[in-house]
Amino acid sequence: MSILVNRENFVIVQGITGREGNHYAHEMMQYGTNIVAGVSPGKGGDWVHGKPVFDSVVAAVDATGANTSVIFVAAPTASDAIYEAIDAGIGLIICITEGIPVLEMMRIREYVSHTRTRLIGPNCPGVLSPAEASIGIIPGYLARPGKVGVVSRSGTLMYEIVHALTNVGIGQSTIIGIGGDPILGTSFVDVLMMFEEDPATEKVVLIGEIGGRSEIDAAEFIKSRMTKPVFGYIAGKTAPHGILMGHAGAVIQDEKSAANAKIAALKAAGVRIADNPQELPELMHY
Amino acid sequence: MNVQFDALQTYLSRFDIQVVESAASSLHFGVRITADFVSVSPVIAVFQGSEEIGREYISPLLGLRDYQARNLGNMANLPREHWGEFIRLATNLYRCYTSADALSVQLNPLTLINGEIAAVGCSMRVDESALFRQHHFLAELTDETYHARRGREVGITYLPLKGQIGVLSNGAGLAMATMDMIALYSDNTLLAANFLDIGNDLHVDKLTLALDLILSSPNVRTILITLFAAAHCVNAAQAILGAVQRDTPPIIVFLSGIDSDHGRSLLDGAKHPMLISAGTLREATRRAIHATTTGET
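The rules behind each value
Residues numbered from 1 in each chain as written. Chains lettered and ligands numbered in written order. Predicted model: local features only at pLDDT ≥ 70, side-chain atom pairs only at ≥ 80, totals over all residues. Buried ≥ 20, exposed ≤ 12 C-beta atoms within 10 Å, placed from the backbone. Helix = DSSP H or I, 4+ residues; strand = E, 2+ residues; numbered from the N terminus. Arc of directions from axis to C-beta. Core = buried A, V, L, I, M, F, W, Y, C linked by C-beta atoms within 7 Å. Contact = placed C-beta atoms within 7 Å. Nonpolar A, V, L, I, M, F, W, Y, C, P; charged D, E, K, R; others polar. Pairing = 2+ DSSP bridges. Axes fitted to C-alpha atoms, helices over the stretch in contact; angles between N-to-C directions. Domains from an automatic or database assignment. Parallel < 35°, antiparallel > 145°, perpendicular 65-115°, else oblique. Left-handed = near helix turned anticlockwise from the far one by under 90°.

K.L.:
When you look at helix α8 (residues 260–269) of chain B in this model, what are you seeing that I'm missing?
P.N.:
Residue and element names in this part refer to chain B. Within α8, burial applies to Ser 260, Gly 263, Arg 264 and Leu 267. The buried residues of α8 occupy an angular sector of 95 degrees when projected down its axis, which confines them to one face. Looking at α8, the residues exposed on the side facing more than 90 degrees away from the buried face are Asp 261, His 262 and Gly 269. Directly beyond the C-terminal end of α8, a positive phi value near 50 degrees is found at Lys 271.

Structure representation (structure tokens):
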């Protein structure tokens, strides 16, 4: 069992004729994901990896019954791709694209809040439920089925931690990268809520970093609502204030967005925090 | 990134906002619009010095409403006869904010000249993610260093810091974690000399530039490379070997991912006197700290 992503996702790949879209469409199919079509305006009628390409999301949905979209189109057109998927009634949109302007994301967040669509990302590696399906770019060989839910803002750091879990025999229910941008479709709290309700998830790993207050919100949620144990790692203890550390969202604006404040809040909520990401599994006593 | 004053003055004039030279300010407040990540909307506020007088949240879909600007004028004790003019100014400022993809724009203080409100000072910060449609600002951005720009052009994020150990990682989170472990395992006696996220594709040219950027800082005594190479450990090892010079400070490499054993044995097999690999982040960090304090690998 898992959250968000399983064998019931019928997935279209927006940007399937681009280099990344093409490559990862193939990887996702190899993992067992139900990729049903691609969308690439102007390339309708083509076929990629044996899947039909459509000019619009609505045409792809009409023809295939797709309920999920993963977006690989470049930043200048990515916001339009998100609106198109929302308007076509897609239930789950996972946007991998990095570099969507802040103003566009503010508009998207307001727009999507009036619909039933869930947006994950942007600037995220996607969602993977081991042995079920992978939507995005998380390397499938890292994961194995199990009972730990993993949620992270960062990509490669999450891969390293999932790898460490798998190496000591700790499997995962679902692995979710929510993204490194300051404005995201889905927050830590949204995901924690789903893990709390998921019968297949027994423990949760949360990987955060400097910037914003989503870890502080997560700590409040864990303290008041969460019954499952949570383990964490927060990157950026030594990051200087006021400087953007790679991710558009990773900047210490005030004391609350610094690593130490987040660690303190999470610890106060009962979360066990690792100093070294690779050694996080040692806290879990499986 | 901040926009230079002269360029901003010209830009504001396109939105009928005047910036005047040090006229005595007849209004004792300023106005600013900033991207607020908590409410996920732009916020317009009037303020006096460091004290905020009032704020309104702007719907990013609808834009600023007249009543919101009027409320702010009222809160700032602006006489009623100038409310209409303040609405005009605030509306133009919001148009400027959205047109420029600003993260913040500020006019402070404001002054009245012949019934028109003008600004005495101004500043604006633009969203780096929007530079693809804001090319005209590229030449005006002030606070990007030469080295950071060289990196950005090939997809490397480089930021110089104050420590002694150069860091090279793929992924912002992994780079920050690597920086933190230097402090952790040296009891805060050593720090990272830089933040560097090399991005997705690893090849010799990109690694060569990354090492160049790291060594542009005179403080660097050791380089710690932590790569989650996913499917490409062998490629990553080959790219590292192709990029590393004979004459270099000690380099410690942690490679993880598919074929990491093969990648490591390639690195070790090269028998470069200044290059060693390590099996875990802890071991790699400890070796980098050792090399920094002793000068030996």
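K.L.:
Could you clarify how one ought to interpret the nonpolar core in this entry?
P.N.:
Residues and elements named next belong to chain B. Judged by nonpolar contacts, the single largest core of 193 residues is most densely connected at Leu 93 and Leu 196. Here this core takes nine residues from helix α5 (residues 172–185), the largest share from any one element. The contact partners of Leu 93, leaving out residues within four places of it in the chain, are Ile 17, Val 31, Ile 33, Val 105 and Leu 107.

K.L.:
How should the interface of chain A and chain B be read in this particular structure?
P.N.:
When the parts of a complex come together, some accessible area is lost, and that lost area is often taken as the interface size. With 43 residues of chain A at the contact, the number on the chain B side is 44 residues. Those elements that place two or more of their residues in the side of chain A that touches chain B are α3 (75–87), α4 (102–112) and α5 (156–167) of chain A. Along the lines of polarity and charge, the residues of the side of chain A that touches chain B split into 22 nonpolar, 13 polar and eight charged.

K.L.:
Whenever I open this one, the sheet that holds strand β2 (residues 41–48) of chain B confuses me. Can you help?
P.N.:
Within a sheet, each strand pairs with its neighbour through backbone hydrogen bonds, oriented either parallel or antiparallel. Residue and element names in this part refer to chain B. Across the sheet, which stays open at both edges, the five strands sit in the order β3-β2-β1-β4-β7 with antiparallel pairing between neighbours. The outermost strands of the open sheet, each flanked by one partner alone, are β3 (51–57) and β7 (122–126). Going across the sheet, the axis of each strand differs from the next one's by a mean of 15 degrees, ignoring polarity. When strand β4 (residues 102–107) meets β7, the two strands line up antiparallel, connected through five bridges. Bridge pairing in β7 places Gln 106 opposite Ser 123.

K.L.:
Help me out: how do you make sense of the sheet that holds strand β13 (residues 230–235) of chain A in this one?
P.N.:
Residue and element names in this part refer to chain A. Taken in spatial order, the seven strands make up an open sheet running β9-β8-β11-β10-β12-β13-β14, and their pairing is mixed. Each end of this open sheet is capped by a strand with a single partner; those strands are β9 (133–136) and β14 (272–273). Looking at chain direction, strand β10 (residues 145–152) and strand β12 (residues 203–209) are connected through five bridges and run parallel. Bridge pairing in β12 places Ser 152 opposite Ile 207. Packed on one face of the sheet, helix α8 (residues 259–268) meets β12, β13 and β14 and runs near 175 degrees to β13.

K.L.:
Mind showing me how you'd approach the environment of Met 181 of chain B here?
P.N.:
Mapped onto the elements of the fold, Met 181 of chain B is located in helix α5. Since 27 C-beta atoms lie within 10 Å of it, Met 181 of chain B is described here as buried. The sequence separation of Met 181 of chain B and Phe 5 of chain B amounts to 176 residues, and the corresponding C-alpha distance is 40 Å. Excluding residues within four positions of it along the chain, Met 181 of chain B makes contact with Asn 276 of chain A together with Leu 281 and Thr 285 of chain B.

K.L.:
Teacher, can you tell me more about the domain arrangement of chain B here?
P.N.:
Each assigned domain of chain B is listed here: domain 1 (5–140) and domain 2 (146–294). For domain 1 of chain B and domain 2 of chain B, the distance between their C-alpha centres works out to 44 Å.

K.L.:
What is the right way to read the domain arrangement of chain A from this model?
P.N.:
Residue and element names in this part refer to chain A. Partitioning chain A into domains gives domain 1 (10–120) and domain 2 (138–283). Computed from C-alpha coordinates alone, the two centres of domain 1 and domain 2 are separated by 26 Å. Taken together, the contact between domain 1 and domain 2 spans nine residues of the former and seven residues of the latter. Mapped by element, the contributors of at least two residues to the side of domain 1 that touches domain 2 are α4 and β7 (118–120). In the side of domain 1 that touches domain 2, the residues fall into seven nonpolar, no polar and two charged.

K.L.:
In this structure, what is going on with the packing of helix α2 (residues 66–75) of chain B against helix α3 (residues 83–99) of chain B? I would like to understand it.
P.N.:
Working note: a packed helix pair is described by the angle between its axes plus the distance between those axes. All names here are of chain B. Two numbers describe how α2 lies on α3: the axes approach to 9 Å, and their chain directions differ by 120 degrees. Compared by their axis directions, α2 and α3 come out oblique. The element α2 and its partner α3 pack so that their crossing is right-handed. Counted together, Asp 66, Ala 69, Arg 70, Leu 72 and Gly 73 of α2 and Trp 83, Phe 86, Ile 87, Ala 90 and Thr 91 of α3 form the full contact between these two elements.

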